[in-house]
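Report on the structure
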Amino acid sequence: MDCKLQVMGSVAVNRSVHEFQDESLFSPELVTQKIQPSHIAECGSVSGGFQAGGSERWRRDVYRSIKTVVFSNKLNLLMPFGPLAILLHQLHGHNGWVFFLSLLGITPLAERLGYATEQLAFYTGPTVGGLLNATFGNATELIIAIYALKSRMIRVVQLSLLGSILSNMLLVLGCAFFCGGLVFYQKEQVFNKATAIVNSGLLLMAVMGLLFPAVLHYTHTEVHYGKSELALSRFSSCVMLVVYAAYLFFQLRSQKDLYIPIEEEGSQNGESTYDNDDETPEISKWESVIWLGIMTAWISILSEYLVDAIEGASHAWNIPIAFIGVILLPIVGNAAEHASAIMFAMKDKLDISLGVAIGSSTQISMFAIPFCVVVGWMMGQPMDLNFQLFETAALFITVIVVAFFLQEGTSNYFKGLMLILCYVIVAASFFVHEDPMEDKQLKP
């Protein structure tokens, strides 16, 4: 009976060897050793071989995942600047260089966060995938904002979130239109006009939510001075969060057909103009989830050093905090959206680019900003929707300009160039703008 079991075990081992040999789990030497009778005779040697093979496979999968995520992008060469910023903070505490190195260190992390989100989107479908892209694409801005709130730097929170909206709508969308237009310069690229109109409406509603507290403040018409403005901001924030939740239901459940990209509609009618079925995920679903957690945690650590060094960097480099908050921080936070929007536009998938850029702006204005007001409320911080007159006017004009650009449902490189130059004008304006609330609200 024992011999029969040994023979059966030998056949099973040989079959397992042939099945796994293509995956390189066993070396030839180990295979030879495993099929020897002396090894089969001992109970547990076979299972031990499989355990060793499983451990080897696990180590190889980890190595492959690290190689794919960390070593496949040249931008990741900036990753060592993160630990260097922490080391410099501990040794010298020079805020200017700590801020600069933290900024460089967060940039590849934000891009890799977007990459992991895109990989996860392969397993969730296009609609949920677009929502995941927008959500985790804004994770960097939210993390920085929460740390700034914790440090009582309310003005930095307002400026960084405002800057993220401006950057997404002008710079990210402009670069996507420009690069896509250069690749397909002989034709006008098209996108789903209905989606753009809905997002434009939400952005205009967000402008309205920011406008009334500012008007109330500057017209001195508050019923209770210093309290009505904050109460209105908190009430409006709750309403905006409800509207955003309704928008998600509308997008994911009620009106799915409205959000089918134009190229998918063509493929459903048998008129597909290009083949996009060759795209496959590079890492598994659980690998994507684990990398999302790792990148988010590392960004959280660096964000704390970044926020603490903002004021010192402003004094050391003689740069207005408004410029740092509105221009520099969002460029880093939007690295993932920037790369994704350009890549999809160059593949003639403009609906996805629009979803990343405008969808991200919509999420920040209708979710991130009201969410920070509510979080500040729970923290006891007087975070409100009064972004001051200059900043609110910049947002209002930007939304109007972009809404005009989107109303035709087409894009080309000239439209992209105009949006980029509009962003240059906004950046120059904030560089020469002196924030009247800087001393009062930076660190109350």
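Residues numbered from 1 in each chain as written. Predicted model: local features only at pLDDT ≥ 70, side-chain atom pairs only at ≥ 80, totals over all residues. Heavy atoms only, no water.

Focus: the environment of L87
Considering the arrangement of structural elements, one finds L87 in helix α5 (residues 81–91). As for L87 and V98, which are separated by eleven residues in sequence, their C-alpha atoms are 8.9 Å apart. (Helix = DSSP H or I, 4+ residues; strand = E, 2+ residues; numbered from the N terminus.)

As for the state of the cysteines
One pass over the full model with this rule turns up zero disulfides. Left without a disulfide partner, C175 is nearest to the cysteine sulfur of C179, which lies 5.9 Å away. The exposure class assigned to C175 is buried, which follows from its relative accessible area of 14%. (Disulfide = S-S within 2.5 Å. Buried < 20%, exposed > 50% of the residue type's maximum accessible area, 1.4 Å probe, protein only.)

A look at the nonpolar core
With 101 residues, the main nonpolar core has F99, L173, L329 and L406 as its most contacted residues. Among the elements that make up this core, the one with the highest residue count is helix α9 (residues 154–183) (16 residues). With residues up to four places along the chain from it excluded, the contact list for L329 reads F99, L103, I144, V156, S160, L306, I310 and I324. (Core = buried A, V, L, I, M, F, W, Y, C linked by side-chain atoms within 4.5 Å. Contact = heavy atoms within 4.5 Å.)

Quick look at the packing of aromatic side chains
In this structure the tally under the stated criterion is nine aromatic pairs. For the pair F99 and W317, a centre-to-centre distance of 6.1 Å together with 70 degrees between the ring planes defines the contact as edge-to-face. Here the residue F99 occupies a position in helix α6 (residues 95–121), and W317 occupies one in helix α13 (residues 285–317), the gap between them amounting to 218 residues. Between F177 and F191, the ring centres sit 6.2 Å apart and the planes meet at 15 degrees, which makes this aromatic pair stacked. (Phe/Tyr/Trp six-rings, centres within 6.5 Å; stacked < 30°, edge-to-face > 60°.)

Details of unusual backbone geometry
For R152, which is not glycine, the phi dihedral falls at a positive 65 degrees. Residue position: R152 is located in the loop between α8 (139–150) and α9. The class for R152 is partly exposed, based on a relative accessible area of 36%. A positive phi angle, near 55 degrees, is found at N318, a position not held by glycine.

Considering the packing of α9 against helix α17 (residues 389–406)
Two elements in contact, α9 and α17, have axes separated by 11 Å at closest approach and are oriented at 20 degrees. Considering their axes alone, α9 and α17 lie roughly parallel with respect to each other. Considering only the axes of α9 and α17, their crossing is left-handed. Two secondary-structure elements touch here, α9 through R155, L159, L162, I165, L166, M169, L170, L173 and F177 and α17 through E391, A394, L395, T398, V399, V402 and L406. Of the residues assigned to the contact of α9 with α17, the class counts are 13 nonpolar, one polar and two charged. (Axes fitted to C-alpha atoms, helices over the stretch in contact; angles between N-to-C directions. Parallel < 35°, antiparallel > 145°, perpendicular 65-115°, else oblique. Left-handed = near helix turned anticlockwise from the far one by under 90°. Nonpolar A, V, L, I, M, F, W, Y, C, P; charged D, E, K, R; others polar.)

Description of the environment of D61
You can see D61 is positioned in helix α4 (residues 45–70). In this structure, the C-alpha to C-alpha distance between D61 and E287, residues 226 residues apart in sequence, is 9.8 Å.

Side note on the pattern of salt bridges
If the charged atoms of two oppositely charged side chains come close together, the side chains can form a pair. According to the stated counting rule, one finds seven salt bridges in the structure shown. In this structure, R155 and E391 form a salt bridge, with 3.0 Å as the shortest nitrogen-oxygen distance. Of this pair, R155 sits in helix α9 while E391 sits in helix α17, and the two are 236 residues apart along the sequence. Judged on exposure class, the residue R155 and its partner E391 are both buried. Here K187 makes a salt bridge to D348, at a shortest N to O gap of 2.8 Å. Placement of K187 in the loop between α9 and β1 (189–190) and of D348 in the loop between α15 (335–346) and α16 (350–379) is noted, with a sequence separation of 161 residues between them. Salt bridges sharing partners connect three or more residues here, namely R155, E391 and D435. (Salt bridge = Lys/Arg side-chain N within 4 Å of Asp/Glu carboxyl O.)

These results come straight from atomic positions and should not be treated as a statement about function.
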